[in-house]
Amino acid sequence: MKGFQITFFTQQDRKYLGKPLGEWLLACARQLGAQNATLTAAGESVDSQGRLHSAHFFELADQPVAVALAVDEATAERLFAMLANEDISVFYVKTAVEFGSLGRAAS
């Protein structure tokens with residue numbers, strides 16, 4: 001299937017509507033029909049202003065988080081239309097991809 005890989009980058013401590021932003025993005029993607037999405041916590045990242053963000057043993061609030069989705073074009077359009085109506089700011093990368101599944105499903 002052809003579509004897009006969309007990856008959002010944020011931090012663990014960023015919240016929207018009472019939820020961590022990464023979890024909120026994942027829930028929205030699922031609600032809009034995304035069937036393949038992953039939320040990943042990272043050790044370190046650099047933001048668009050060049051600031052370093054990292055997870056520390058005692059403080060995980062600044063831990064970088066990425067939400068990666070593989071979606072078809074219609075789902076991507078619905079997702080970006082919904083996000084345009086929300087009061088958030090989040091960096092993303094959108095790349096055209098081919099995606100699918102291989103092998104047999106477990107019985």
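Please refer to the structure higher up on the page.
Summary of the structure given here. Computed from a prediction, not measured in an experiment: that's the story for all the values here.

Moving on, we come to a nonpolar patch on the surface. Side chains of Phe9, Phe91 and Val93 sit close together on the surface and give an oily, nonpolar patch of about 280 Å² of accessible area. Tracing the backbone shows Phe91 in strand β8 (residues 91-98).

The subject of this paragraph is helix α2 (residues 73-84). The first and last C-alpha atoms of α2 sit 17 Å apart over twelve residues, in line with the 16 Å expected at 1.5 Å per residue. Residues of α2 that are buried include every one of Thr75, Ala76, Leu79, Met82 and Leu83, and no others. An end-on view of α2 places all buried positions within 130° of arc, on one side of the element. Projecting away from the buried face of α2 at angles above 90 degrees are the exposed residues Glu77 and Ala84. Where α2 is buried, its residues meet β1 (2-11), α1 (21-31) and β7 (64-71).

The tally for this structure, following the rule as stated, stands at five aromatic pairs. Look at Phe8 and Phe80: their rings are 6.3 Å apart centre to centre, the planes differ by 40°, and that puts the pair in the tilted class. One end of the pair, Phe8, is in strand β1; the other, Phe80, is in helix α2, and 72 residues separate them in sequence. Residue Phe8 is classed as buried on the basis of its relative accessible area, which comes to 2%.

Ordered in space as β4-β7-β1-β8, the four strands form an open sheet in which the pairing is antiparallel. Of all the strands in the sheet, the pair left with one neighbour each is β4 (36-41) and β8. This sheet shows a mean twist of 15° between the axes of neighbouring strands, independent of strand direction. Both β4 and β7 contribute to a ladder of six bridges, which runs antiparallel.

Cut-offs used in this document
Counting restarts for each chain, with residues numbered from 1 along the sequence as it is written. Only residues with pLDDT of at least 70 get local features here, since the model is predicted, and only at 80 or more are side-chain atom pairs given and counted; chain-wide, interface and lining totals rely on the full set of residues. Values shown for side chains rest on all heavy atoms present in the structure; no hydrogens or waters enter the calculation. Each patch is built from residues lacking any salt bridge and having more than 30% relative accessible area; the joining distance is 9 Å for like charges and 5 Å for nonpolar side chains (Val, Leu, Ile, Met, Phe, Trp, Tyr). Methods summary: accessible areas were calculated by the Shrake-Rupley approach with a probe of 1.4 Å, and residue burial reflects only the protein chains presented. Every case where a carboxyl oxygen of Asp or Glu lies within 4 Å of a side-chain nitrogen of Lys or Arg is listed as a salt bridge. In this description a helix means any DSSP run of H or I spanning at least four residues, a strand means any run of E spanning at least two, and both kinds are numbered starting from the N terminus. To estimate the expected span of a helix, count its residues, drop one, and scale the result by 1.5 Å. The buried label goes to any residue with under 20% of its type's maximum accessible area, the exposed label to any with over 50%, and the partly exposed label to all in between, with areas taken from a 1.4 Å probe on protein chains only. Picture the helix axis, draw a direction to every C-beta atom, and the arc is the one those directions span. Residue contacts are defined here by distance: any two heavy atoms, one from each residue, within 4.5 Å place the two residues in contact. Two rings from Phe, Tyr or Trp (for Trp, the six-membered ring) form a pair when their centres are within 6.5 Å of each other. A pair whose planes differ by under 30 degrees is stacked, one over 60 is edge-to-face, and the rest are tilted. In this analysis, strands are considered paired if DSSP registers two or more bridges between them. To obtain each axis, a line is fitted to C-alpha atoms, and for helices this fit is confined to the stretch in contact; angles are then taken between N-to-C directions over 0 to 180 degrees.

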